[in-house]
Amino acid sequence: MTKHTPLIVVSSGEPAGIGPDISLALASRRFGARLAVLGGLGLLQSRARLLRSSVELRACSEPGDVTEHEVGRLQVLPVALPAPAEPGKLDTRNAAYVLSMLRRGTELCVAGKARALVTAPVQKSVITQSGVAFSGHTELLAELTGAPQPVMLLAGKNLRVALATTHLPLRGVAAALDRAKLEGLIRIVHRDLQRRFRIERPRVLVLGLNPHAGESGTIGTEEQTLIEPAVRALAAEGLDVVGPVSADTAFTPESLARCDVVVAMYHDQGLPVLKALSFGEIVNVTLGLPIVRTSVDHGTALSLAGTGRARPDSLFAAVELALTLV
């Protein structure tokens, strides 16, 4: 491998969580890329000692200094950590550090110095408590890259689920749905499945919002007023899209065999099924960005930080998928 080999940068996430732990675990695997972790060098060194890891940590001043990834060694693009981080104990003084890693990784990708950004989990609460308005990775990366409509896609081995709405209270979902936005979202999903996943003609299955997809308006009208008109319009454009389909039958093996992606109307409509089938192997992919971004499918797991019990499987899968997408 040479410097022409893709550089993947990994943001190590909330310093009090398992992000540093699973980032260190990257040294146990081979990856066909140059790989660099964004984070505090001292933090990673102390966490390695706590985990009794023999990983060799190599600081790199610039992305161009990053060489091929080797088992037993982890290359680090250092980011200054303002306050000492103790496993399991959140500190608002380190919220800016978390955001700095995300900004640095995004800047490297936008500038073409890195080919993809992979993110370990962050703790939204500690960032908002620090006084920064923060609703999640997806929204921040869209802001940093100027993307008008980011889309959250969760990809397992045998199922992909895109979300029409993300982290909203259930009572706010119906009001957040908009026909034009739904059409735009499905177009982005269709385009990026072609461009990133190299699926020539993606088959899109769109769920209804209400039980039984509204049952002809007797259990809700969003299917009739929003979802069905959007699906008809996109089908008329030539997209292979069907719906609205009742969520209680959409995830049968026969139904999933006829689609490449399911578009769910809200977070907990599609993700419980996906996580029941593939938890630990799921990758969060942000579509609609000018860069490739993947992430793990779990949170910061503060109680596991520094214990050696955190599983790095989802981070491994996120790096592998990022490499596939670039």
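Reading guide: rules and limits
Residues numbered from 1 in each chain as written. Predicted model: local features only at pLDDT ≥ 70, side-chain atom pairs only at ≥ 80, totals over all residues. Heavy atoms only, no water. 1 Å grid on protein atoms, 1.4 Å probe; cavity = no way out; pocket = protein on both sides within 12 Å on 5 of 7 lines; lining within 4 Å. Points joined across faces, edges and corners; volume = space filled by probe spheres on them. Helix = DSSP H or I, 4+ residues; strand = E, 2+ residues; numbered from the N terminus. Nonpolar A, V, L, I, M, F, W, Y, C, P; charged D, E, K, R; others polar. Axes fitted to C-alpha atoms, helices over the stretch in contact; angles between N-to-C directions. Parallel < 35°, antiparallel > 145°, perpendicular 65-115°, else oblique. Left-handed = near helix turned anticlockwise from the far one by under 90°. Contact = heavy atoms within 4.5 Å. Buried < 20%, exposed > 50% of the residue type's maximum accessible area, 1.4 Å probe, protein only. Arc of directions from axis to C-beta. Salt bridge = Lys/Arg side-chain N within 4 Å of Asp/Glu carboxyl O. Pairing = 2+ DSSP bridges. Expected span 1.5 Å × (residues − 1). Bend = angle between axes of the 7 residues up to and from the residue.

### Looking at empty space enclosed by the protein
Working step 1: In this structure the tally under the stated criterion is one cavity of 30 Å³ or more.
Working step 2: One number sums up the size of the largest cavity: a volume of about 50 Å³.
Working step 3: Along its surface, the largest cavity is lined by D192, R195, R196, V285, T286, L287, L289, I291, V292, R293 and L325.
Working step 4: No other element matches the three residues that strand β11 (residues 283–287) contributes to the lining of the largest cavity.
Working step 5: Its residues assigned to classes, the lining of the largest cavity comprises six nonpolar, one polar and four charged.

### Structural notes on the packing of helix α3 (residues 95–110) against helix α5 (residues 137–145)
Working step 1: For the pair α3 and α5, the least separation of the axes is 10 Å and the interaxial angle reads 45 degrees. Relative to α5, the element α3 lies oblique. The two elements α3 and α5 meet at a crossing, and its hand is right-handed. Across the interface between the two elements, L99, L102, R103, T106 and V110 of α3 pack against H137, L140, L141, L144 and T145 of α5.
Working step 2: Considering only residue class, the contact of α3 with α5 consists of six nonpolar, three polar and one charged.

### Some thoughts on the layout of surface pockets
Working step 1: The volume enclosed by the largest pocket comes to roughly 490 Å³.
Working step 2: P150, A164, T165, T166 and K181 are the residues nearest the centre of the largest pocket, which is lined by 22 residues in total.
Working step 3: Every element with two or more residues in the lining of the largest pocket is listed here: α5, β6 (151–155) and α7 (179–195).
Working step 4: Residues of the lining of the largest pocket, tallied by class, amount to 13 nonpolar, six polar and three charged.

### A short note on helix α2 (residues 41–50)
Working step 1: If you check which residues of α2 are buried, you get L43, L44, R47 and A48. Taken down its axis, α2 places every buried residue within 130 degrees of arc, on the same side.
Working step 2: Where α2 is buried, its residues contact α1 (19–25), β2 (34–39), β3 (56–59), β4 (73–78) and α3.
Working step 3: In the stretch just after α2, R52 is the one whose phi turns positive, near 55 degrees.

### Points about the pattern of salt bridges
Working step 1: Throughout the structure, instances matching the rule amount to 13 salt bridges.
Working step 2: Two residues, E183 and R179, come together in a salt bridge whose shortest N-O distance is 2.7 Å. One end of the pair is E183 and the other is R179, both in helix α7 and four residues apart, which spans about a single turn.
Working step 3: One connected set of salt bridges, linked through shared partners, spans R179, E183, R187 and E237.

### Here we look at the sheet that holds strand β9 (residues 240–245)
Working step 1: Ordered by their spatial adjacency, 12 strands build an open sheet running β3-β4-β2-β1-β5-β12-β11-β6-β7-β10-β8-β9, and the pairing between neighbours is mixed. Either end of the sheet is taken by a strand with one partner, and the two such strands are β3 and β9. Going from strand to strand, the sheet's axes swing by 25 degrees on average, the running direction of each strand aside.
Working step 2: The pairing of strand β7 (residues 160–163) with strand β10 (residues 261–264) spans three bridges and is parallel. The partner of L163 across the bridge, within β10, is A264.

### Some words on helix α8 (residues 222–236)
Working step 1: Over its 15 residues, α8 extends 20 Å from the first C-alpha to the last, a length consistent with the 21 Å expected when each residue adds 1.5 Å.
Working step 2: Where α8 bends most, at E228, the angle is about 30 degrees, and the proline P229 comes one to four residues later.
Working step 3: Residues of α8 that are buried include every one of E222, E223, L226, I227, P229, A230, V231 and L234, and no others.
Working step 4: In this structure, the buried residues of α8 make contact with α6 (173–176), α7, β8 (203–207) and β9.
Working step 5: Downstream of α8 by one or two residues, G238 has phi in the positive range, about 105 degrees.

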